Amino acid sequence: QVQLVESGGGLVQAGGSLRLSCAASGRTFSSYAMGWFRQAPGKEREVVAAISMAGGNTYYTDSVKGRFTISRDNAKNTVYLQMNSLEPEDTAVYYCAAVRGYVTSYTASDARTYNHWGQGTQVTVSS
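Keep in mind the model is a prediction, meaning the values are calculated, not measured.

**As for unusual backbone geometry**
Apart from glycine, the bulk of residues carry a negative phi angle, and the bulk of peptide bonds sit in the trans form.
Then, number 1: Not every positive phi belongs to a glycine, and N77 is a case in point at roughly 55°.
Then, number 2: Within the element layout of this structure, N77 appears in the loop between β7 (68-73) and β8 (78-83).
Then, number 3: The phi dihedral of S85 falls on the positive side, at around 50°, and the residue is not glycine.
Then, number 4: Following the sequence through the fold, S85 ends up in the loop between β8 and β9 (92-100).
Then, number 5: With a relative accessible area of 41%, S85 lands in the partly exposed category.

**Digging into the pattern of salt bridges**
Side chains that differ in sign of charge can pair as their charged atoms come close.
Then, number 1: Overall, the coordinates contain six salt bridges when judged by the stated rule.
Then, number 2: Here R38 makes a salt bridge to D90, at a shortest N to O gap of 2.9 Å. Placement of the pair is R38 in strand β4 (residues 32-39) and D90 in the loop between β8 and β9, with a sequence separation of 52 residues.
Then, number 3: The class for R38 is buried, based on a relative accessible area of 5%.
Then, number 4: The class for D90 is buried, based on a relative accessible area of 2%.
Then, number 5: Here R67 ties to E87 by a salt bridge, and the two come within 3.9 Å at their closest N and O atoms. In this pair, R67 sits in the loop between β6 (58-60) and β7 while E87 sits in the loop between β8 and β9, placing the two residues 20 residues apart along the sequence.

Conventions adopted
Residues numbered from 1 in each chain as written. Predicted model: local features only at pLDDT ≥ 70, side-chain atom pairs only at ≥ 80, totals over all residues. Heavy atoms only, no water. Helix = DSSP H or I, 4+ residues; strand = E, 2+ residues; numbered from the N terminus. Buried < 20%, exposed > 50% of the residue type's maximum accessible area, 1.4 Å probe, protein only. Salt bridge = Lys/Arg side-chain N within 4 Å of Asp/Glu carboxyl O.

Structure (structure tokens):
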């Protein structure tokens, strides 16, 4: 089992930056693929980015490519989401997710792939 705790959300003006962190419990963090998802009011939860166990492979949804960067530090049991050039459309609750083992570029984008979730952190981008 792994428990996930997100932090780093907040209110930022359009064009600004935020860095989200997700701290994981347990000794086997490096055995988990990780993902960041978001859910805006009235919308379905959608993938933002995902990263493989060792960090060598990453996936981004089209709307954040070139603006967001996912990374992980397995020594610190933490995955990050650096968000630059934020837009009002990025406003949502952001969730960290984990699944043990490998994911493909196809399964990484599916919320059903992941079986561990954090409680979420609110990101609000003002225009």
